[in-house]
Structures are given as C-alpha cells and as structure tokens.
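As a plain string of letters, each chain reads:
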Amino acid sequence: GIVFGRGRLFTTVALSMGCFVGNVVLWGHTYAFPMVAVQVHSSLPAAYQGLMQAVIGLGICFAAIAIASCTTYRSLLLIGQFVGTVGPMSFVWAGADMNKSAVKEAVFFVAQNCPGLCAACALFACFQLSTDLYPVEVSSTSASVVVVA
C-alpha cells in the first residue's frame, strides 16, 4: 500500500537510506575508533579516549534532542551532514600531528565525538519525517519501516 505506493516509494527509500547511513556512521565509528586511537599520537591512552567518548555520548544525545527541538528537519539533516563531514576531517588533521598544540589536542578530542552527533541528527530527522509525511493511519508503520533500515 501506502508506504510503498507510487506516490511515496521515493520518500520511503530516501528516509530508509538516511537511517542506514546514520547507522553506518555511528557503528562504523564505534568499530573503527579503538583501532585508530591506538595509532594516533595523543596525550591520553586509547582506553581513556574510548571511555571519554562513551560518557560524552550521553551528552551528545541531549544536545541532539535540544537541536532537534528548535530546528527544522531540513536544518537538522544539514547539521548532521556538516558535522559528519567536518568532524572526521578535523580528527584526521589533528590526529596526524605527533606534537599537538593545545588547540589541536582540543580539536582532536571534540572531533572524536562528531560521528555520534551526525548519526543522532540524521536518525531524529528521518524518524520524525517518517511520521509526518505519511497519513496518520500508517505513520507508525512508516516509522518502523524507515527505522529498521
């Protein structure tokens, strides 16, 4: 029916891909970060960086909720895309230097947490759009189809 009908098939696929990409960013970073953290030069051991990232991740969830409550879905997707693009590039830029200045060290630690914010913004926007763009009768079905990707 309605969720995969001719009028909404592209919307369903686009939102599903948005959730898929958000999950790939988040879980890819979760998988790759411990491997990268042991090879970059930092003042903190990799285990402490991982712990710090996990603790800060909770704050990122609250920040994403605050951002989502005061912006449009389009802005939320753009914020997620911007953070997801600039964050990893900043991480590589700051992590490549063996003798980091205080600024580069701060950029390095902030950039470690950008994939979480990117994924949260993408997932929030896709979920909300999946409930708003479909009729009320199928909004819960559309949300579950989109999020399951």
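Thresholds applied
- For every chain, the first residue of the written sequence is number 1, and numbering continues from 1 along that sequence.
- Selection of residues for local features in this predicted model requires a pLDDT of at least 70, selection of side-chain atom pairs for listing and counting requires 80 or more, and totals for whole chains, interfaces and linings are taken over all residues.
- Heavy atoms from the whole structure form the basis of all side-chain values; hydrogens and water molecules are not counted.
- Only DSSP runs of H or I reaching four residues or more are called helices, and only runs of E reaching two or more are called strands; each is numbered from the N terminus.
- Burial status follows relative accessibility: with a 1.4 Å probe on protein chains alone, a residue under 20% of its type maximum counts as buried, one over 50% as exposed, and anything between as partly exposed.
- Residues are treated as being in contact if the distance between any of their heavy atoms lies within 4.5 Å.
- Throughout, the Shrake-Rupley method with a 1.4 Å probe supplies accessible areas, and for residues the shown protein chains are the sole cover considered.
- Definition of nonpolar core: a set of buried residues of the types Ala, Val, Leu, Ile, Met, Phe, Trp, Tyr and Cys, connected through side-chain atoms within 4.5 Å.
- Grid points spaced at 1 Å and placed over the protein atoms alone form the basis of the search, with a cavity being a set where a 1.4 Å probe fits but cannot get out and a pocket an open set showing protein on both sides within 12 Å along at least five of seven lines. Lining residues have an atom within 4 Å of a point.
- Grid points are joined across faces, edges and corners, and a volume is the space filled by probe spheres set on the points.
- Each residue gets one of three labels, nonpolar for Ala, Val, Leu, Ile, Met, Phe, Trp, Tyr, Cys and Pro, charged for Asp, Glu, Lys and Arg, and polar for the others, Gly among them.
- Pairs were defined over the aromatic rings of Phe, Tyr and Trp, the Trp ring being its six-membered one, requiring ring centres within 6.5 Å. Orientation was assigned from the angle between planes: stacked under 30 degrees, edge-to-face over 60, tilted for the rest.
- To sit over a ring, a charge needs its Lys NZ or Arg CZ within 6 Å of the ring centre and within 35 degrees of the ring normal.
- Working convention: axes come from line fits to C-alpha atoms, limited for helices to the stretch in contact. Angles between N-to-C directions cover 0 to 180 degrees.
- The cut-offs work like this: below 35 degrees is roughly parallel, past 145 is roughly antiparallel, 65 to 115 is roughly perpendicular, and the gaps in between are oblique.

S.K.: I'd love a proper account of the overall build of the protein chain, names of residues and values included.
M.R.: Scanning the protein chain for helices and strands turns up six helices and zero strands. What you see in the protein chain, going N to C, is helices and strands ordered as α-α-α-α-α-α. Each of the three principal axes of the protein chain carries a C-alpha extent, and together these read 60 × 30 × 20 Å. The 149 residues of the protein chain split such that 32% are buried. Long-range pairs, those at least 24 residues apart, make up 71% of the contacts in the protein chain with a sequence separation of at least 6. Accessible surface computed for the protein chain: about 8,700 Å², of which carbon and sulfur atoms make up 73%.

S.K.: Quick rundown of the nonpolar core? Include the residues and the values.
M.R.: By size, the foremost hydrophobic cluster in this structure holds 10 residues: Ile 60, Ala 64, Leu 76, Val 83, Cys 114, Leu 117, Cys 118, Ala 120, Cys 121 and Ala 125. If you list the elements that add at least two residues to this core, you get α2 (46–70), α3 (73–95) and α5 (114–132). The biggest single contributor to this core is α5, with six residues. Setting aside its immediate chain neighbours within four residues, Ala 125 contacts Tyr 73, Leu 76 and Leu 77.

S.K.: Account for the side chain of Gln 112, with residues named and values stated.
M.R.: Looking at where Gln 112 falls in the secondary structure, it is placed in the loop between α4 (102–111) and α5. Exposure remark for Gln 112: the relative accessible area of 0% places this residue in the buried category. If sequence neighbours within four positions are ignored, Gln 112 has contacts with His 29, Phe 33, Gln 49, Met 52, Gln 53 and Phe 91.

S.K.: Explain the layout of surface pockets residue by residue, including any values.
M.R.: Volume-wise, the largest pocket comes out at about 360 Å³. Of all elements in the fold, only α1 (9–37), α2 and α5 reach the threshold of two or more residues within the lining of the largest pocket. When residues in the lining of the largest pocket are grouped by element, the largest group, seven residues, is from α2. Of the residues assigned to the lining of the largest pocket, the class counts are 12 nonpolar, seven polar and no charged.

S.K.: If you had to explain the packing of aromatic side chains to someone new, which residues and values would you point to?
M.R.: Enumeration according to the criterion identifies two aromatic pairs in this entry. Ring centres 5.0 Å apart and planes at 15 degrees place the aromatic pair Phe 91 and Phe 108 in the stacked group. In this pair, Phe 91 sits in helix α3 while Phe 108 sits in helix α4, placing the two residues 17 residues apart along the sequence. As far as the burial class goes, Phe 91 and Phe 108 line up, both buried. Grouped by ring-pair contacts, the aromatic residues Phe 91, Phe 108 and Phe 109 constitute a single cluster. Taking NZ or CZ as reference, Lys 104 lies 4.7 Å from the ring centre of Trp 93, over its face.

S.K.: How would you sum up the packing of α1 against helix α6 (residues 139–147)? Please name residues and give values.
M.R.: Here α1 crosses α6 at 50 degrees, and the two axes come no closer than 8 Å. With respect to α6, the element α1 is oriented oblique. The segment α1 lies against α6, with Thr 12, Leu 15, Ser 16 and Cys 19 engaging Val 145, Val 146 and Val 147. For the contact of α1 with α6, the per-class residue count stands at five nonpolar, two polar and no charged.

Shape descriptors only; they carry no functional weight alone.
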